[in-house]
2 protein chains.
Amino acid sequence: MSQKYVYLFSEGDESMRELLGGKGANLAQMTKLGMPVPQGFTISTEACTRYYDDGKVIAPEIEAEIDANLAKIEEINGKKFGSVTNPLLVSVRSGARASMPGMMDTILNLGLNDEVVAGLIAGNSDPKFERFVYDSYRRFIQMYSDVVMEVGKKYFEKLIDEMKEAKGVKNDIDLDASDLKKLSEMFKAEYKKILGEDFPVDPKAQLMGAVKAVFRSWDNPRANVYRRMNDIPYSWGTAVNVQPMVFGNLNENSGTGVAFTRDPATGERKLMGEYLINAQGEDVVAGVRTPQPISKLAEEMPEVYNQFVETAQRLEKHYKDMQDMEFTIENGKLYMLQTRNGKRTAAAALKIAVDLVDEGLISEDEAVLRVDPKQLDALLHPQFDAKALKAAKVIGTGLAASPGAACGRVVFTAEDAKEWAAKGEKVVLVRLETSPEDIEGMVAAQGILTVRGGMTSHAAVVARGMGTCCVSGCGDIKMHEEEKYFVLDGITYKEGDYISLDGSTGKIYGEAVATVEATISGDFGRFMAWADAKRTLKVRTNADNPRDTLQAVKFGAEGIGLCRTEHMFFEGDRIKAIREMIVSETVEEREKALAKILPLQQGDFEEMYRVLEGRPMTVRFLDPPLHEFVPQKEEDILELANEMKLEVSKLKEIIEGLHEFNPMMGHRGCRLAVTYPEIAAMQTTAVINAAITVSKETGNMIVPEIMIPLVGEIKELKYVKDIVTSTADKLIADAGIDMTYKVGTMIEIPRAALTADEIAKEAEFFSFGTNDLTQMTFGFSRDDAGKFLDAYYDAKIYESDPFAKLDQDGVGKLVKMAADLGKTTRPDIKLGICGEHGGDPSSVEFCHNIGLSYVSCSPYRVPIARLAAAQAAIKESK
Amino acid sequence: MSQKYVYLFSEGDESMRELLGGKGANLAQMTKLGMPVPQGFTISTEACTRYYDDGKVIAPEIEAEIDANLAKIEEINGKKFGSVTNPLLVSVRSGARASMPGMMDTILNLGLNDEVVAGLIAGNSDPKFERFVYDSYRRFIQMYSDVVMEVGKKYFEKLIDEMKEAKGVKNDIDLDASDLKKLSEMFKAEYKKILGEDFPVDPKAQLMGAVKAVFRSWDNPRANVYRRMNDIPYSWGTAVNVQPMVFGNLNENSGTGVAFTRDPATGERKLMGEYLINAQGEDVVAGVRTPQPISKLAEEMPEVYNQFVETAQRLEKHYKDMQDMEFTIENGKLYMLQTRNGKRTAAAALKIAVDLVDEGLISEDEAVLRVDPKQLDALLHPQFDAKALKAAKVIGTGLAASPGAACGRVVFTAEDAKEWAAKGEKVVLVRLETSPEDIEGMVAAQGILTVRGGMTSHAAVVARGMGTCCVSGCGDIKMHEEEKYFVLDGITYKEGDYISLDGSTGKIYGEAVATVEATISGDFGRFMAWADAKRTLKVRTNADNPRDTLQAVKFGAEGIGLCRTEHMFFEGDRIKAIREMIVSETVEEREKALAKILPLQQGDFEEMYRVLEGRPMTVRFLDPPLHEFVPQKEEDILELANEMKLEVSKLKEIIEGLHEFNPMMGHRGCRLAVTYPEIAAMQTTAVINAAITVSKETGNMIVPEIMIPLVGEIKELKYVKDIVTSTADKLIADAGIDMTYKVGTMIEIPRAALTADEIAKEAEFFSFGTNDLTQMTFGFSRDDAGKFLDAYYDAKIYESDPFAKLDQDGVGKLVKMAADLGKTTRPDIKLGICGEHGGDPSSVEFCHNIGLSYVSCSPYRVPIARLAAAQAAIKESK
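Since the model is a prediction, treat every value here as computed from it, not as a measurement.

About the thresholds
- Residues numbered from 1 in each chain as written.
- Chains lettered and ligands numbered in written order.
- Predicted model: local features only at pLDDT ≥ 70, side-chain atom pairs only at ≥ 80, totals over all residues.
- Heavy atoms only, no water.
- Helix = DSSP H or I, 4+ residues; strand = E, 2+ residues; numbered from the N terminus.
- Rg over C-alpha atoms; globule rule 2.2 N^0.38 Å.
- Buried < 20%, exposed > 50% of the residue type's maximum accessible area, 1.4 Å probe, protein only.
- Areas by Shrake-Rupley, 256 points an atom, 1.4 Å probe, with all protein chains shown as cover.
- Lys, Arg positive; Asp, Glu negative; His and termini not counted.
- Charge placed at Lys NZ, Arg CZ, Asp CG, Glu CD.
- Least-squares fit on C-alpha atoms with pLDDT ≥ 70 in both.
- Contact = heavy atoms within 4.5 Å.
- Axes fitted to C-alpha atoms, helices over the stretch in contact; angles between N-to-C directions.
- Left-handed = near helix turned anticlockwise from the far one by under 90°.
- Nonpolar A, V, L, I, M, F, W, Y, C, P; charged D, E, K, R; others polar.
- pLDDT = per-residue confidence, 0-100.
- Pairing = 2+ DSSP bridges.
- Buried area = accessible area lost by both parts, 1.4 Å probe.
- Salt bridge = Lys/Arg side-chain N within 4 Å of Asp/Glu carboxyl O.
- Polar contact = N/O pair within 3.5 Å; in protein donor to acceptor, adjacent residues only side chain to side chain.

*Asks:* Would you take a moment to explain the overall build of chain A for this structure?
*Replies:* What chain A contains, in helices and strands, is 35 helices and 31 strands. Taking 2.2 N^0.38 as the reference for a compact globule, 878 residues should give roughly 29 Å; the C-alpha atoms of chain A span a radius of gyration of 32 Å, in line with that estimate. Each of the three principal axes of chain A carries a C-alpha extent, and together these read 100 × 60 × 50 Å. Expressed as a percentage of the 878 residues in chain A, the buried residues total 58%. Entry remark: accessible area of chain A is about 34,800 Å², with carbon and sulfur atoms responsible for 50%. Of the side chains in chain A, 105 bear a positive and 135 a negative charge, and the two mean positions are spaced by 3 Å.

Right under this line is the structure:
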């Protein structure tokens, strides 16, 4: 039997979403439920895939199926394509498996031509009807030209403007039937002028053109970007829905509207929506007339209203979720044109999920599955006011480095940020790049914008830790930091000018855009408790200071999975001691410098242990290449030389000697501990002494976890571990305390993953450092990949950023292999992940599925990870 | 039963080499053969391993075994440790599984103390004997202090010098018995002064100290370096041989000597050796008296001579290999002290292997296994004259970048190299680093020395291709290129000064050291034919020009496995076109520049196809990051800006824009083809057109092989492959020729290996790029690893350079996984390797074992790979 590509609405149901797309499946389901749906057909997603496989052609057998189904709907609807007396007009709409609102193309009123138009008018004496028909006609020509033939709207807009000027009117609505008739003639002439051929009069030819155009729109740039942002695979394809038109603008007994079964902004349980009498969908959008609230319909057309309310309730009960519906009333008769689970704000999502449980419609598990973990960001960070945002102009885009919205006045230094904030001003700190000295200014700012630096730059990491909005790496900015201004999109922004940032999208607005504060409702706690009850994966946080730790604990973190000790190195005067250590030429000099660092680092660990109140903390030893710590500016070099009593030329030679061709693959991680064991000894002392101190204070024995980074070989781990254990054992013995501790490793080098059975002989835990592991496995560095990744997205070689969403086929295979190998050697080995992926829902699900013990992510992602972990557990149990 | 750690010579045989070490096993075997061996015992290599495992202590049960065996040899030899009348004196010598001559420690005459000395003298009235005893005594004290107690020889040498000065004599031999007696007293006093304790008088205590010292010497720096160079695992450990002393200096009826059963320099079949009457081994080495050729012994002691000749013949027959023997004659009686397979030159190794086959002693297979593939280098490149080398002083060491020896006068520019060479001078080109413009100077030079650059730098790669000696990356050189001098080891070398380079060791000599030319004997061809008959692995070459290709074909290359197209980009004026292409801002500009490159590249391919005479060639598309091609010097930038009609500032901006943080992980390989498909199209055209042209010329149809580098994902390969096939198919159709071609990929990114089953859907062959694969798998870059690898060798974390010897546990695991996955998808997939490892014998064996089809290596390594592949096949068949 040959494959079936086209389905009447009456042949499908909601279970056929993959084949018919969301819109098609729901139209079929509504048909099945006996609801009033204009009966059309759906061309399946498989036809779309076939279209691309065949080199962008619609195969003859698919066209034959379309013909056959067209005949069937002509019969069902009692109308005929191209008929002068009783013409069938159709809408042609895309409909993918996942909703992609506005991303693909739609054509309405297809089937019109001069003869059909004339016939329609002849059949209706209402003078308004003639205007409606010509209006539909010129709109159809314009839409078809634009969508199918790629002749831009501007050509037609120009003609409309000329017409309006000639007539001395302002709005389209003021043009009468003869004006519109003239316009449709002019449009056809313009079409011929540009394309060299007549506008197609054959409705069947129009239909095939429109179907192709919808298929083609699956591959348009905005659809591709939307898919990448929403993890929708390119391979899915879109279905095409061909549905007879019904007319809400036929007379005063007609109308059109949209409605939600619950408030999509708050989640409140009440029918929400609006409608217009004697209007088509477009009129609602155009905003010329003000739509009426749906409640008004109860007065105007009580019977229709009751029918609609009943339909809406049935749909919500059927789908067990808030519905977003489109309807049209044609001459007093209600038609349902679409229903779908409605998009909603994070707050509404939470309330609806909780309410549906209370109403007995869904279980707690289902409720947990109903909220997109990524949405939780919006509950934890300020967001833009939706209305204000609509009017705002994007002046540039950077990396979405830390989510939330920020609005404030531009300042260029951390000092200014502090000063202005102290005076009560909201500020956005704009820097070429931030450095550790900027920390106080970053705390004072609403948002941070940098010209350089990626998703793991200082600005990005620190901002995410604090939950502050950050857009990083906007290379289009021409920066004049010293003169305190920057140029973007051709406009100069000076100190004090307002800008706004969206850290969730990377967009920059050149004006003040109002924000709304984050609010967490009581539902949140109840909802997260359901999630936690199902979750088996632990969620820890990446935190490097007491402040972030406290925030993460409030968000439900069950410990610290990654404490990057080097982040502590920058605060205050300690960077000087670090630099002294780095430029030391003998072990003695180095130990002298380390002795200065020890009490500071130990103090930090003590504070963090106190905040953690018994929760575990994994401390990673020094990781980055040392050149990241040395001064580059002449004055700083002079100062350091002076402090170190070194000749400037000698110091410069040392700094020059730290240069590396590929620092990412250079002298860093445990390689530093191998060449300078005294650093590892100092860090061990700081961790163990801090644990001893706080254990004695509280009476609860801490079990310190020490993590060796960048291990690639068992002997390397053993070498560093020996330094750790000999140091730690002595301290513990001296303290006369009964303390145990764990030594583990990051798995972030492919070789470590490949030899994980060996590594596990020494490592008591693995933490997958998927940032570096992704870099090494793909062989490209995060800092450099920007130069070609766009070309890769365009060519659909990669559909998502592997640094944001774990690449399960490659990196994930390595992670799973390492996890399995590790368990063969040490069945009870603790396995976690601490890369950026620890806060990405699909990656969290992967971690759950391969049996990791925990994920660790930045504090503000902890709730996201908790929810994602719960969803993974529920999905697995099904 | 508890483990046995100590074996009498009579308890062992040659099969116990792993346990007893080479020396011990052979002493046991000679004992078994009934040869005259002073009967002692061997402390096993397992005792050495145990010593290290126990924290450098000799366990009580091992000491007890030593005591028991000491008692046995006292009984066997009828002498007693510490006896005044009949003392047992012993030698204590190391003996590892593989011979490590001179790397570890030896102690002779152990058992002496004041009382024993007095007793010995009392028992022998010969006045010479008293001198001998005191001489042995003072030597023993000195040796023991040095080896066991680590008190440097210098303290004692100083006392000897003072004594000689006081006596007015020049040589040690001129000191009489009483002088030596006095010296032994002074030595003991010095010992006490430095160590604060008396020199040990108890022979048993002396013995235990000596055994420990030998164990300890397994871990001394020179032994570690030797092991790394010779792939000897640290875990093997050394055995210790304790053997009663026999005295060749007892009287005129005594003597000592060494001999080979064949000439170790030429392989000629004749007893070679020398001896001294009334002497100990040390005297032969000291060079005070001239030893006699062994043939003279036939006159002096015919009976002993005949016994020795017969013994030597039996040993050679027994071991079926040339033997290197030590013997001593004590009072007319012959004692065998050692036999082993003799070290030999490459030429001798070849001749001996072939002769042994002709003599019916070994099979052809055994002969093939007898020659170390690495030794073949010496047959293909000039070497230093051994005698001249002994006297030469090493002034510095760089990387052994291309083997062979070179001697010549220093020049600092490629032009000077050409000029001087044209005048008949031999020159060594010394450069900060070489660049493609230096190519003619490099051809003219005997050797190349660079300050910067690693094993894959331009200098290294080009030199290996040409077979020219090269030492690269000698960072100790203070270079003054413009002033034409450099400073090394404190000495200034100017233009015209002589230096010599050893490209096999990286050593630099500050003087002329005579070299001997490479000569390939007739045995070579016969021997290699035996090897080729056994070999199943194909051997190709890495070559980028017709010259290297021709050389490789002469060395037996069966095709080109890697033609790096970018190496062609530097010759002559073509770099200008390349640069034009790189700085192009539009596709049109880029295509214009590419059009200039096309005929040049096509011409190169044609030449190479002609030289190959039908052998296959794999062409790799553009690989390195583009910044490697752009000018960095101001004048070159000006020139290019002028040619391109670009503003200098604009050009500088473009060049700056090519900067990458981690170029190794940046915009390179197939990523270039994804962003600039026109480059891949041009390269395809060049390859296919060249193949068409040469196929038409010769009438033999070439099957071009196009290789896409740096692939990490199937879609990426497909994208580039589509460019290749659409371009190639059209050219072939236009040519009206029936040509097929293959498109394959490098596997050099871990992700490609992990997803090789997917990749194989598009790739018709895999070539493992183990250089990059090693970098990515280990997570360290070859250019940067130098900073910490020494610390890793010292800590024994790595025992060999993973860039020279394939890391089988990690990288090899990935290679094997990819090979297996590739075969599941495409059972007939062609699998090769084209990294540096393709010429490394142990890596070649690995490639054979995992079922690769071929290895590809630089031309001069082709014979090495052929032999290594044959040995792998023979070993496997056993």
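There is more to say after this.
*Asks:* Explanation requested: the relation of the copies chain A and chain B in the structure shown.
*Replies:* Relating one copy of the chain to the other requires a rotation about an axis plus a shift along that axis. Between chain A and chain B, which share one sequence, the superposing operator has a rotation angle of 180° and an axial displacement of 0.1 Å; the RMSD is 0.2 Å. Considering both components of the superposition, the chain copies are consistent with a two-fold axis. By C-alpha distance to the rotation axis, the residue of chain A lying nearest is asparagine 662 of chain A, at 2.2 Å. The overlap is high: 100% of the interface residues of chain A also sit at the interface in chain B, so the same surface is used on both sides.

*Asks:* Whenever I open this one, unusual backbone geometry confuses me. Can you help?
*Replies:* Glycine aside, residues mostly have negative phi angles, and peptide bonds mostly take the trans form. Residue and element names in this part refer to chain B. Notably, asparagine 331 is not glycine yet its phi reads approximately 50°, a positive angle. Along the polypeptide, asparagine 331 turns up in the loop between strand S9 (323-330) and strand S10 (333-341). In this structure asparagine 331 comes out as partly exposed when scored by relative accessible area, which is 47%. In this structure, lysine 645 is a non-glycine residue whose phi angle is positive, near 55°. As for its placement among the helices and strands, lysine 645 is situated in the loop between helix H24 (634-644) and helix H25 (648-657). Classification of lysine 645 by relative accessible area gives exposed; the value is 75%.

*Asks:* Help me understand the packing of helix H22 (residues 574-583) of chain A against helix H23 (residues 587-612) of chain A, please; the structure alone is not making it clear to me.
*Replies:* Residues and elements named next belong to chain A. Their axes nearest at 8 Å, the elements H22 and H23 cross at an angle of 145°. At the point where H22 passes H23, the crossing takes the left-handed sense. For the pair H22 and H23, the contacting residues are Arg574, Ala577, Ile578, Glu580, Met581 and Val583 in the first and Glu589, Arg590, Ala593, Leu594, Lys596, Ile597, Leu600 and Asp604 in the second. Looking at side-chain class alone, the contact of H22 with H23 contains eight nonpolar, no polar and six charged residues.

*Asks:* Hey, could you run me through the confidence of the model for chain A in this one?
*Replies:* Regions with low pLDDT carry predicted coordinates that are not meant to be interpreted in detail. Mean pLDDT over chain A works out to 92, with 99% of the residues at or above the 70 mark. Taken together, the chains of this predicted complex give a pTM of 0.86 and an interface ipTM of 0.86.

*Asks:* So what exactly am I meant to see when it comes to the pairing of strand S6 (residues 255-260) of chain B here?
*Replies:* The side chains of a regular strand alternate, first on one face of the sheet and then on the other. Residues and elements named next belong to chain B. Where S6 lies against strand S7 (residues 272-277), six bridges are found, and the strand directions are antiparallel. Of the residues in S7, the one forming a bridge with alanine 259 is glycine 273. Direction of pairing for S6 relative to S9: antiparallel, over a ladder of six bridges. Bridged to valine 258 within S9 is glutamate 326.

*Asks:* Teacher, can you tell me more about the interface of chain A and chain B here?
*Replies:* The parts lose accessible area when they come together, and the size of an interface is often stated as this lost area. Opposite the 50 residues of chain A that make contact, chain B presents 50 residues. The contact between chain A and chain B buries some 4,300 Å² in all, and 60% of this surface belongs to carbon and sulfur atoms. For the salt bridge of arginine 751 of chain B with aspartate 807 of chain A, the shortest nitrogen-to-oxygen distance reads 2.6 Å. Linking chain A with chain B are 24 residue pairs in polar contact (both at pLDDT 80 or more). Mapped by element, the contributors of at least two residues to the side of chain A that touches chain B are helix H26 (670-675), helix H28 (714-735), helix H29 (750-754), helix H31 (770-778), helix H32 (786-794) and helix H33 (811-825) of chain A. Here the side of chain A that touches chain B is composed, by residue class, of 23 nonpolar, 13 polar and 14 charged.

*Asks:* Would you mind showing me how to read the sheet that holds strand S30 (residues 830-833) of chain B here?
*Replies:* Paired through their backbone hydrogen bonds, the strands of a sheet run either parallel or antiparallel. Residues and elements named next belong to chain B. Spatial strand order, S24-S25-S26-S27-S28-S29-S30-S31: eight strands in a closed barrel with parallel pairing. Across the sheet, the axes of successive neighbouring strands diverge by a mean angle of 25°, strand direction being ignored. Those strands touched by helix H23 (residues 587-612) are strand S25 (560-564) and strand S26 (617-620), and its axis lies near 155° from that of S26.

*Asks:* Teacher, can you tell me more about the environment of glycine 273 of chain A here?
*Replies:* Residue and element names in this part refer to chain A. Counting through the fold element by element, glycine 273 comes out in strand S7 (residues 272-277). For the pair glycine 273 and threonine 261, spaced 12 residues apart in the sequence, the C-alpha separation amounts to 8.5 Å. Among all residues touching glycine 273, those that are not within four sequence positions of it are Val258, Ala259, Gln292, Pro293 and Ile294.

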